[in-house]
Amino acid sequence: MRIRLIFMLWLSFQLLNGQQPVVLSDYVYEQSLTDFQFTFLSDPSCRLEPADIFSEDSMIRFRVIDLKDTTSAIFRNIPGSCIWFRFVFINRSNEQFSFHLQPNIFSEFEEYTLYQRFQNGVITARRSGNAIAPRLKDVNISGSDELRFYLPPGEMDTMFLRVQLSDDSVLSDLTFTVSTHDSVISRDRAKRMLFGVVLGIMLIMILYHIPLYIKARETSYLYYMLYILAFLLYFLNKEGYIYELTPKLSSAYISMLLLEIFLLFFLLFGKSYLDTAHTLKVWDNILLLAVYFTVGGLVLSFSIILLQEAGIFVHSVIVLAAYSINILSALGSLFLAIVPAMILTRDHVLSARFFLFANLFLILGILATYILKDFPIGKHSLELGVTLQILTFSVGLGERINVLKRGREIAQRKIIEQLRENAALKDKVTRELEDKVQERTREIQMQKEQIEKQNKEIKYSFDYAKKIQSTVLPTNEVFDTLFSEHFIFFKPRDIVSGDFYWISQKEHRIILTAADCTGHGVPGSLMSMLGITMLHEIVNEKDIIRSDEILNQLRLSIARTLKQEGRPGEQKDGIDMALMIYDSKKKILEFSGANNPLYIIRDGEMLEYKGNNMPVAYYDNMSDFTRYTIEMKIGDRIYLFTDGFPDQFGGPEGKKFKYRPFKDMLLEVHDRPMDEQHKILSLVFDEWKGDLDQIDDILIIGLRL
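Criteria and cut-off values
- Residues numbered from 1 in each chain as written.
- Predicted model: local features only at pLDDT ≥ 70, side-chain atom pairs only at ≥ 80, totals over all residues.
- Heavy atoms only, no water.
- Core = buried A, V, L, I, M, F, W, Y, C linked by side-chain atoms within 4.5 Å.
- Buried < 20%, exposed > 50% of the residue type's maximum accessible area, 1.4 Å probe, protein only.
- Helix = DSSP H or I, 4+ residues; strand = E, 2+ residues; numbered from the N terminus.
- Contact = heavy atoms within 4.5 Å.
- Salt bridge = Lys/Arg side-chain N within 4 Å of Asp/Glu carboxyl O.
- Pairing = 2+ DSSP bridges.
- Patch = residues over 30% accessible without salt bridge, like charges linked within 9 Å, V, L, I, M, F, W, Y side chains within 5 Å.
- Areas by Shrake-Rupley, 256 points an atom, 1.4 Å probe, with all protein chains shown as cover.
- Axes fitted to C-alpha atoms, helices over the stretch in contact; angles between N-to-C directions.
- Left-handed = near helix turned anticlockwise from the far one by under 90°.
- Phe/Tyr/Trp six-rings, centres within 6.5 Å; stacked < 30°, edge-to-face > 60°.
- Lys, Arg positive; Asp, Glu negative; His and termini not counted.
- Charge placed at Lys NZ, Arg CZ, Asp CG, Glu CD.
- pLDDT = per-residue confidence, 0-100.
- Parallel < 35°, antiparallel > 145°, perpendicular 65-115°, else oblique.
- Expected span 1.5 Å × (residues − 1).
- Bend = angle between axes of the 7 residues up to and from the residue.

A. Region of interest: the nonpolar core. By size, the foremost hydrophobic cluster in this structure holds 61 residues, and its most contacted members are Tyr 224, Tyr 227, Ile 228, Phe 231, Phe 355, Ile 390 and Phe 393. Breaking this core down by element, the ones donating at least two residues are helix H4 (181–216), helix H5 (219–238), helix H7 (252–273), helix H9 (281–309), helix H10 (316–346), helix H11 (350–371) and helix H12 (381–439). Once residues within four sequence positions are removed from consideration, Ile 390 is found in contact with Met 202, Met 205, Tyr 224, Tyr 227, Ile 228 and Phe 231. By size, the runner-up hydrophobic cluster in this structure holds 51 residues, among which are Tyr 501, Ile 510, Ile 550 and Leu 598.

This is the structure we're talking about:
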């Protein structure tokens, strides 16, 4: 009876002061406290001690909180000052339970301590906050800032919470919740189980795609795996698992840095997956700018972290710029990745459809995180959205690779079918000729035999000339020894050719030329033999190893041999050529050209080096040839050629093939193996020429370093 009376008097006193008690029970899963369930006392100098707070004089100094009133005294506290909060708890549970007092995640207190005084006068202190190391916190579950307290069943108690404000403290968003220890553990267990599922899915995706990347060497796989790793790091930080180990790696700037890394690999993956370099060149440039912008934000965030670790003050303008870049990168990445996917989806590109749906999952996850933030599912919507996004990406990658594989198979089948048709056409023509020969009269037969005899003699001469010319031309074995991959598309118009190619090696330097002599057939072949002989003398006997000097010396030799002095009516024969010298040790390439250029394809882009507009012969406006020096990279493709292919007439209108389509064709096939490029060039040439005659000798040399 006496205890009940004391309780009623105490409760009346609390009601008069406007503070309502917090009723606890074993059903408290997560109960939010209202403004009327805790009062406050300002301590600007942080000098009040717990013994002072538990005195009756201090009790009456506490004031009711109204967080909706922005003029309230609580908002006058500044960073570095302290605030005391008073809570009155009544435990109506029937069993022994412990409870957790939890400030919300927006409070951002540097340090706070919960004080509880027992009947024997002992005051206990339980500490937490941003400035407290995880191992010293009262509760350290996923980086939470919770305080655990005990209250026997059927009892009530007054407890005080002392908080120290920081620059990041937001009192207008201040709330407290109370939960039973069992409910906290249950939520954390469910959270870790969900994390384990997500982590397992991500690791399986990475392990599954590692051998695919090694086999296909497709950059989309690499960026996809890095994107998953970046998400896992961001997720670990977001859920507080990094904070459990060390708070130094879980600051706001670390979160910004991890988000920038996450966005960077997202952009790189989208750029590679959608193949915007070939499908949407304008958007590819925009995405490239977005990548640079995101890298700038990443560098800025990393610099801020280093400066803070070194104890150097970082101006608020720099911090604001980092936050702005972070936000713009996040919004811009989604926009810039989705719009190209929408454009390609409209063009019925199946892989782009997977990319679009995957990003819709991400957007829904982000929206649900903010819309459903007060519900359990909202707290994990981002992880769910990214997980569905990554799974969809995986399906899309598989479909994209299948499309590329089917495209290669179709191209190979077309080449094989074309070769079969060519063979069948050849057999058909042979049979028709044989039938016509059998129908001819004896007189015609005699004439035929006479003509065949003459042709045989002429052909013998041509074949012998071809044999001589073939003997001096380099063999495939020479190219196989000097280059990792190559092809030589050599197609004379007649049996012998005015085009020729020549190669020589001086220590670690390789001299290679593709040349086009004046004329074709027998005259051209004689000129080519003359050019090969002179090149051998200049390089191998005179030991001249500069591309411009070789052409200068060759011009002098040709002019001297053909007696070219610029007089009217004299021989105008000469050579158009592209000559390169590759230093395999220094990875340096020299180039000089006479009317013919050199193409280099690097990282999907073509570099063109033009030769001088004059032949290797006497010329009215002669000058020294230009020498280019080029630093090469492993994997570069080099193309030397004569004008036979671009100048060939054909197509529906019987026009020239021209150089622009020739460049586009090389860009389109440069990623394929060299022998496959040779087949495709041959097929394209035959299809373009059709029934028209070949007008010139054809020579194209392709090399891969």
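B. A look at the pattern of salt bridges. Applying the stated rule across the entire model yields 14 salt bridges. The closest approach of N and O atoms between Asp 548 and Arg 546, which form a salt bridge, is 3.0 Å. One salt bridge in this structure joins Glu 653 and Lys 655, with 3.2 Å as the shortest N-O distance.

C. Quick peek at the pairing of strand E6 (residues 98–103). In terms of residue burial, E6 counts as a mostly covered element, since six of its six residues are buried. Alternating residues of E6 divide into Ser 98, His 100 and Gln 102 and Phe 99, Leu 101 and Pro 103, and every residue in both groups is buried. One ladder, built from four bridges, connects E6 with strand E9 (residues 147–150); its direction is antiparallel. Residue pairing for E9: His 100 is matched across the bridge by Arg 148. The sheet contact formed by E6 and strand E11 (residues 176–180) spans five bridges and is antiparallel. Across the sheet, Pro 103 pairs through a bridge with Phe 176, a residue of E11.

D. Focus on a nonpolar patch on the surface. A contiguous nonpolar surface patch, about 870 Å² in accessible area, is contributed by Phe 357, Leu 360, Phe 361, Leu 364, Leu 367, Ile 371, Leu 372, Leu 384, Leu 388 and Leu 391. Sorting elements by how many residues they give to the nonpolar patch places H11 first, with six residues. Along the chain, Leu 388 falls in helix H12.

E. Representation of the sheet that holds strand E23 (residues 698–704). On the basis of which strands lie adjacent, the open sheet formed by five strands has the order E12-E23-E20-E17-E18 and antiparallel pairing. With partners counted over all chains shown, the strands left at the sheet margins are strand E12 (485–491) and strand E18 (605–609), one partner each. The mean angle between the axes of side-by-side strands here comes to 15°, regardless of whether they run parallel or antiparallel. As judged from the five bridges shared by strand E17 (residues 598–602) and E18, these two strands associate in the antiparallel manner. Note on E18: the bridge partner recorded for Arg 602 is Glu 605. Its contacts with the sheet place helix H17 (residues 659–669) against E17, E18, strand E20 (637–641) and E23, and it is angled at close to 35° to E17. Where helix H18 (residues 674–689) meets the sheet, its contacts fall on E12, E20 and E23, and the angle it forms with E12 comes to roughly 25°.

F. Main features of the environment of Ala 358. Counting through the fold element by element, Ala 358 comes out in helix H11. Its relative accessible area of 0% is what places Ala 358 among the buried residues. As for Ala 358 and Gly 385, which are separated by 27 residues in sequence, their C-alpha atoms are 8.7 Å apart. With near-sequence residues (within four places) excluded, Ala 358 lies in contact with Gln 389, Thr 392 and Phe 393.

G. Summary view of the sheet that holds E11. The strand order across the open sheet built from four strands is E2-E11-E6-E9, with neighbouring strands paired in antiparallel fashion. Two strands bound the open sheet, and with one partner strand each, they are strand E2 (31–32) and E9.

H. Inspection of the packing of H10 against H11 at higher detail. As a packed pair, H10 and H11 sit with axes 8 Å apart at the nearest point and diverge in direction by 145°. Seen from above, H10 lies across H11 with left-handed handedness. Contacts from Leu 334, Ala 337, Ile 338, Ala 341, Met 342, Leu 344 and Thr 345 of H10 reach H11 at Ala 352, Arg 353, Phe 355, Leu 356, Asn 359, Leu 362, Ile 363 and Ile 366.

I. Spotlight on unusual backbone geometry. Positive phi, close to 55°, is recorded for Asp 275, a residue that is not glycine. Within the secondary structure layout, Asp 275 lies in the loop between H7 and helix H8 (276–279). Since its relative accessible area comes to 28%, Asp 275 is described here as partly exposed. In this model, Asp 543 sits at a positive phi of 60°, which is unusual for a non-glycine residue. Structurally, the position occupied by Asp 543 is in the loop between helix H15 (521–541) and helix H16 (547–561).

J. Main features of the packing of aromatic side chains. Under the criterion given, the structure shown has 36 aromatic pairs. Each residue in the set Phe 489, Tyr 599, Phe 641, Phe 645, Phe 657, Tyr 659, Phe 662, Phe 685 and Trp 688 is aromatic and connected to the rest through ring pairs, giving one cluster.

K. View of a negative patch on the surface. A grouping of Glu 432, Glu 434, Asp 435 and Glu 439 is seen on the molecular surface, where their side chains present a negatively charged patch. By the element assignment, Glu 432 lies in helix H12.

L. Structural context of the confidence of the model for the protein chain. With 87% of its residues at a pLDDT of at least 70, the protein chain reaches an overall mean of 81. Confidence drops under pLDDT 50 across residues 1–16; counting only partners more than four residues distant or on other chains, this segment forms 10 contacts.

M. The packing of H4 against H5, seen in detail. Direction vectors running N to C along H4 and H5 enclose 160°, while the axes themselves pass 9 Å from each other. Put simply, H4 runs roughly antiparallel to H5. Considering how the two elements wind past one another, H4 and H5 form a crossing that is left-handed. Between H4, through Phe 195, Val 198, Leu 199, Met 202, Met 205, Ile 206, His 209, Ile 210, Leu 212, Tyr 213 and Ala 216, and H5, the contact on the second element is made entirely by Tyr 221, Leu 222, Tyr 224, Met 225, Ile 228, Leu 229, Phe 231, Leu 232, Phe 235 and Leu 236.

N. The arrangement of H4 in detail. With 36 residues, H4 extends 52 Å between its outermost C-alpha atoms, agreeing within 8% with the 52 Å of an ideal straight helix rising 1.5 Å per residue. Maximum bend of H4: about 25°, positioned at His 209, with proline Pro 211 one to four residues after it. Three or more residues of H4 are buried, namely His 181, Ser 183, Val 184, Asp 188, Lys 191, Phe 195, Val 198, Met 202, Met 205, Ile 206 and His 209. Of the residues flanking the end of H4, it is Arg 217, one or two places downstream, whose phi is positive at about 55°.

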